[in-house]
Amino acid sequence: MIMIVVDSMDWTSATGRKIVLQEGDITRIAVGAMANAANSALAGGGGVDGAIHRAGGPAIMRELDAIRAREGGCSTGSAVATGAGILPATYVFHAVGPVYRDGRHGEPELLAGCYRKCLALAEERAVRTISFPAISTGVYGYPQKEAAEIAIREVRRHLERSDTTVEQVIFVPFGQSAYEVYREILGGRAGRTITCS
Ligand code: APR
């Protein structure tokens, strides 16, 4: 498994906060909270959603059933929290990314909202480590580079806050080409820990 750790000098020296890039299957990585790319019905699906439900077991869907009954689902650009079943995590945050049309229908703000909401859910639960798949970049068609830029921007903004409980964010692109997209934006080189400003 290739790992790049991209540490901002300020983050590591002052606070030890980190962004980690780790290609592969998000369900295999132990964290406090694992973000999922869900749909607004919280009904499960394919892609990373299917992988999370398969690996986590039926307890996750039972909790989503209760949320659906209570709240009717989850709006696009937001997220809901459940336990993680038998996944190596305490929570799963089910984020509903936008379906990409042309980028001029509020998609960037909605995608940013997913990351912000997941990070807010992490704060509420004093989560220290959270992993993110590339939300909306599969079935929902969001261009990978644009989506990764939004994801990285929102996470960096959050980690720059002085009061966050989050110490480590792990981006988990699936496949080598998705990994390269993140690596280029983060400015890293495979297998090295690097610093970025
Ligand atoms: N680990 C990490 N990333 C994964 C995994 C995995 N195990 N499986 C797939 N991916 C990646 C895909 O390659 C893609 O880049 O997750 C990214 C998001 O793709 P989708 O899972 O298709 O999610 P999204 O585009 O947000 O569409 C959401 O798909 O599965 C349904 O229920 C889900 O209806 C919702 C829709």
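Residues numbered from 1 in each chain as written. Predicted model: local features only at pLDDT ≥ 70, side-chain atom pairs only at ≥ 80, totals over all residues. Heavy atoms only, no water.

Remarks on the confidence of the model for the protein
Then, in step 1: For the protein, per-residue confidence averages 90 on the pLDDT scale, and residues scoring 70 or more make up 87% of the total.
Then, in step 2: Confidence, read as mean pLDDT per element, is least for helix 1 (residues 9-15) in the protein (39) and greatest for strand 5 (residues 91-96) (99).
Then, in step 3: Every residue in residues 7-14 is under pLDDT 50, and counting partners more than four places away or in other chains gives 19 contacts.
Then, in step 4: Contacts from residues 192-197, a stretch scored under 50 in pLDDT, to residues over four places away or in other chains number 21 contacts. (pLDDT = per-residue confidence, 0-100. Helix = DSSP H or I, 4+ residues; strand = E, 2+ residues; numbered from the N terminus. Contact = heavy atoms within 4.5 Å.)

Here we look at the site of the ligand
Then, in step 1: Taken together, 22 residues lie near the ligand, and Asn39, Gly46, Asp49, Ser136 and Thr137 sit nearest.
Then, in step 2: Val48 is positioned with one of its backbone polar atoms (N or O) 2.9 Å from an oxygen atom of the ligand.
Then, in step 3: Coverage of the ligand by the protein amounts to 89% of the 700 Å² it exposes when considered alone.
Then, in step 4: Those elements that place two or more of their residues in the shell around the ligand are strand 3 (33-38) and helix 2 (47-56).
Then, in step 5: When residues in the shell around the ligand are grouped by element, the largest group, 4 residues, is from helix 2.
Then, in step 6: In terms of residue class, the shell around the ligand is built from 11 nonpolar, 9 polar and 2 charged. (Near = heavy atom within 4 Å. Polar contact = N/O pair within 3.5 Å; in protein donor to acceptor, adjacent residues only side chain to side chain. Areas by Shrake-Rupley, 256 points an atom, 1.4 Å probe, with all protein chains shown as cover. Nonpolar A, V, L, I, M, F, W, Y, C, P; charged D, E, K, R; others polar.)

What to know about the side chain of Ser131
Then, in step 1: With respect to the element layout, Ser131 can be found in strand 6 (residues 129-132).
Then, in step 2: In this structure Ser131 comes out as buried when scored by relative accessible area, which is 0%.
Then, in step 3: Leave out the neighbours within four places in its chain, and Ser131 touches Ile26, Val31, Ala33, Met34, Ala35, Ile170 and Val172. (Buried < 20%, exposed > 50% of the residue type's maximum accessible area, 1.4 Å probe, protein only.)

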